[in-house]
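The residues making up each chain are set out below.
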Amino acid sequence: MRQISYREAIREALAEEMARDEQVVLMGEDVGCYGGCFSVTSGLIDIYGPHQVIETPVSEEGIVAVAVGAAIMGMRPVVEVMYGDFSTLASDPLINHAAKTRFMSGGRQSVPMVYRTPMGSGTGAAAQHTQSLETLFTNIPGLKVIYPCTPSDAKGLLKSAIRCDDPVVFLEHKNYGLSSLIPEEDYTIEIGKADVKRKGTDLTIITYGKMVSQALSAALTLEDDEISAEVVDLRTLRPLDTEAIRASVKKTGRAVILHEGPAFGGFSGEIAAAIVEDEDTFRALKGPVKRIGGQEIPTPFNKNLEMQMAPQVSQIISVSLSLFS
Amino acid sequence: MPYSFASGTRKDVLALMIRSRVFEQKIEELFTNHSMHGTTHLAIGQEAVHAGVALGLEQRDWIMTTHRCHGHTLARGADLFAMMAEFFGDSRGLSRGLGGSMHLIDMEHRNAGSSAVVGSSVALATGMALQLKRQNRDEIVVAFFGDGASNRGIIHEAMNMASIWNLPVLFLCEHNGYGMSSPAHRMVSVSSIAERGSGYGIKSDSIDGNAVQEVYSKVREIRQWMMEHQRPYLLEVKTYRFSGHSKSDKRVYRSREEEAQWMKKDPIEAFSRVLIAEKEITEQEISDLFEQERAQITEIADFFLNDHQELTLRDAEQYVYASGGDR
Ligand SMILES: Cc1ncc(C[n+]2csc(CCOP(=O)(O)OP(=O)(O)O)c2C)c(N)n1
Ligand SMILES: [Mg+2]
């Protein structure tokens, strides 16, 4: 095992896949000598050259659409878009084209591509650079949506995404310095499988992305109140590992769902549905299913306000405790 | 040049450029010593564009700017206190501390703000022009964008609409050679972005953006022409940002030699030389100007370093919808 950062893990996955298959091509703005907006791709152009690392103009809709076309011809593009917020621009080729090509061709044509972009607040970049827009994509049959938290999950899942024959939306959090141990050997992680990041018996916190760290901190504190919280990291949002969610909630009888974006219309609704729609899981519930999302406002520039945007550990603790009163 | 600054005002023009330079240097210092949070995009080196355009317009005209918006905002006459406050996230800021450095907006001075989704504001500005035209108003909108943003499809869509509808929008491409790290010669299909006007039937030109008198004169001339012909226009101004792209930029994508070459074309020094040669100002007076502006801006920054006010989250909520609550 080695200790590496989230950033390095993603870079390693890219590098290993580019080395394995020259059809794997990284595309994006400033991904060359600048190393990308968050320095994820630093050094890759020196190794793989312009044949596999393509620096593009500022044309989000265009480059994602070009990637779709290239994928149709056998390339396996990985497109980096600087901020998840620009997914609004990139969404036409993803939603109307990549997601539908296989189906509309009666299964004759696939679009093997990965769309990578970071989401979330905490960087001081204000309202147009800090959103969590995963639900733009989770409602689209034909897309797979991944949002890993840890370096090892990021690496294994990105490698699977690149090898996947369908278009995959790969979301990243901006805590790129987050580090943890990852296996030495070559490995992949199956898309669509949740991971229990912490075992517990009294309560299940279901989350993904950056909020996994918050959930783990909350779980640690809940121990002081003699509450044993299980943390389920979904890792993939579509396809959703409903079995893992239900198995945990059936065991604990209590569910708190957590994500960074606003709860209203958020992905937490889908998770809640996965719990209550299942007869056995529903019967196992000892209390209401709780959701915690970010503030229902655009992200303020002011630092103190921005820091209150995402769910706070204290909030996770108090909501969890409320299920025991 | 068909238009020149009114006699006796050139010193004020220089002062305006110096104010912009010094203001940005102060912002850089405050970001570097972590008194401010987030990121910032400085336009040091591009002051002639800001001053030349702002002074070439009528007060009643409009601008919509970019992520690199400090200079435009200042040149249009924004209150320096409110500007500085915004950088500190202070509730006395232009946007009460909610917008920050990339989103300066100042409707009082007909600065309709900026988009940090680069290029998108160009179409919004085109929409502003549509309304001006419907109302038969004798005003134009300047849509600023960079060489990098010039590759966004939306700009091309906007130019087409402005052309078919004869809208009073001046597309103003501030060509500073780079979009973040990407040099225009690798990213833009033409050597002059002005050439792209012809694809939309829009008259265009390209000028030296470091010569404030030339920018001013050209903008006045274009404004006149737009009014007479009821047509949009595309102006490219060639300039250079001396600063990095943003706070964290190590400028690995360009050489120190290239920077040194452009430093020789510093717009403030260039204009200073003209004014000195024409005996409108002395070297001493110029350094006094720098001192005065620095003193003024330092005083404002110090004020906010010591006296911070900010909204609460509940305060901020009232600015999401017109009614102030959920709808
Ligand atoms: C749609 C979009 N894509 C990417 C970015 C990230 N970004 C911020 S500034 C910038 C470069 C813009 O270059 P240019 O338009 O030349 O303006 P300059 O920074 O030179 O003033 C990029 C790519 C963005 N803000 N918006
Ligand atoms: Mg530029």
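Quick caveat: nothing in here was measured; it's all calculated off a predicted structure. (Residues numbered from 1 in each chain as written. Chains lettered and ligands numbered in written order. Predicted model: local features only at pLDDT ≥ 70, side-chain atom pairs only at ≥ 80, totals over all residues. Heavy atoms only, no water.)

1. What to know about the pattern of salt bridges
Our working rule: The salt bridge definition used is simple: a Lys or Arg side-chain nitrogen within 4 Å of an Asp or Glu carboxyl oxygen. Counting from the N terminus, the helices are DSSP H or I runs at least four residues long and the strands are E runs at least two residues long. Partly exposed describes any residue whose relative accessible area lies between the buried limit of under 20% and the exposed limit of over 50%, with all areas from a 1.4 Å probe on protein chains only and scaled to the type maximum.
Per the stated rule, a full pass over the model turns up 44 salt bridges over all chains. The residue Glu184 of chain A makes a salt bridge to Arg2 of chain A at a minimum N-O spacing of 3.5 Å. Here the residue Glu184 of chain A occupies a position in the loop between strand S8 (179-182) and strand S9 (195-198), and Arg2 of chain A occupies one in strand S1 (residues 2-5), the gap between them amounting to 182 residues. The class for Glu184 of chain A is partly exposed, based on a relative accessible area of 47%. Linking Arg92 of chain B and Asp90 of chain B is a salt bridge whose minimum nitrogen-to-oxygen distance equals 2.9 Å. Connected via shared salt-bridge partners are Arg2, Glu12, Glu16, Glu17, Arg20, Lys155, Lys159, Arg163, Glu184 and Asp186 of chain A.

2. As for the side chain of Ser95 of chain B
The line we're drawing: Any two residues whose heavy atoms approach within 4.5 Å at even a single point are treated as in contact.
Of note, Ser95 of chain B is situated in the loop between helix H4 (80-87) and strand S2 (111-114). Among all residues touching Ser95 of chain B, those that are not within four sequence positions of it are Glu86, His103 and Ile105 of chain B.

3. A few points about the interface of chain B and chain A
When the parts come together, some accessible area is lost, and that loss is often what is quoted as the size of the interface. Stated formally: Take the accessible area each of two parts loses on contact, using a 1.4 Å probe, and add the two losses: that sum is the buried area. Any N or O atom pair separated by 3.5 Å or less is treated as a polar contact, with the protein-specific requirement of one donor-capable and one acceptor-capable atom, and with residues adjacent in sequence counted only for side-chain atom pairs.
With 40 residues of chain B in contact, the opposing surface of chain A contributes 32 residues. Between chain B and chain A, a total of about 2,800 Å² is buried, with carbon and sulfur atoms accounting for 63% of that surface. When residues of chain B are sorted by the area they lose upon contact with chain A, His37, Met180 and Leu313 of chain B head the list and together hold 24% of the total. Our count for the contact surface shared by chain B and chain A stands at one salt bridge. One salt bridge in this structure joins Glu55 of chain A and Arg186 of chain B, with 3.1 Å as the shortest N-O distance. At the surface where chain B touches chain A, the tally comes to 14 residue pairs in polar contact (both at pLDDT 80 or more). For the side of chain B that touches chain A, the elements supplying multiple residues, two or more each, are H4, helix H7 (184-187) and helix H12 (313-317) of chain B. Among the elements that take part in the side of chain B that touches chain A, H12 of chain B stands out by supplying four residues, more than any other.

4. Some details on the domain arrangement of chain A
Residue and element names in this part refer to chain A. Note the cut-off: Domain start and end points were adopted from an automatic or database domain assignment.
For chain A, the assigned domains are domain 1 (2-182) and domain 2 (195-322). A separation of 26 Å is found between the C-alpha centroids of domain 1 and domain 2. Facing the 26 residues of domain 1 at the interface are 25 residues of domain 2. Of all residues in domain 1, Ser121, Tyr147 and Cys149 bury the most surface against domain 2, accounting for 24% of the area lost on that side. On the surface where domain 1 and domain 2 come into contact, there are two salt bridges. On the surface where domain 1 and domain 2 come into contact, there are 15 residue pairs in polar contact (both at pLDDT 80 or more). Elements represented by at least two residues in the side of domain 1 that touches domain 2 include exactly helix H5 (135-138), strand S6 (144-146) and helix H6 (151-163). Looking at the side of domain 1 that touches domain 2, the element that brings in the most residues is S6, giving three residues.

5. Thoughts on the site of ligand 1
For clarity, the threshold we go by: To be near a molecule or strand, a residue needs just one of its heavy atoms within 4 Å of it. Ten residues, namely Ala, Val, Leu, Ile, Met, Phe, Trp, Tyr, Cys and Pro, are considered nonpolar, four, namely Asp, Glu, Lys and Arg, are considered charged, and the remaining ones, Gly among them, are considered polar.
The immediate surroundings of ligand 1 are formed by 22 residues, with Glu60 of chain A together with Arg68, Ala116, Gly148 and Ala149 of chain B found nearest. Those residues lying near ligand 1 are distributed over chains A and B. His67 of chain B is positioned such that a nitrogen or oxygen atom in its side chain is 2.8 Å from an oxygen atom of ligand 1. Per-class residue counts for the shell around ligand 1 are 10 nonpolar, seven polar and five charged.

6. A short note on the packing of helix H2 (residues 47-56) of chain B against helix H8 (residues 212-229) of chain B
Two packed helices can be described by the angle between their axes and the distance between those axes. Residues and elements named next belong to chain B. Counted only if it meets this: Axis definition: a line fitted to C-alpha atoms, limited for helices to the stretch in contact. Angles are taken between N-to-C directions and run from 0 to 180 degrees. By convention the crossing between two helices is left-handed if the near helix lies anticlockwise of the far one by an angle smaller than a right angle, and right-handed if it lies clockwise.
Running from N to C, H2 and H8 cross one another at 35 degrees; their axes reach a closest spacing of 8 Å. When you trace H2 past H8, the crossing you get is right-handed. Across the interface between the two elements, Ala48, Val49, Ala51, Gly52, Val53, Leu55 and Gly56 of H2 pack against Val212, Val215, Tyr216, Val219, Arg220 and Arg223 of H8.

7. Comments concerning helix H12 (residues 313-322) of chain A
Residues of H12 of chain A that are buried: Ile316, Ile317, Val319 and Ser320 of chain A. Buried-residue contacts for H12 of chain A involve strand S10 (203-207), helix H7 (211-222), strand S13 (255-262) and strand S14 (290-294) of chain A.

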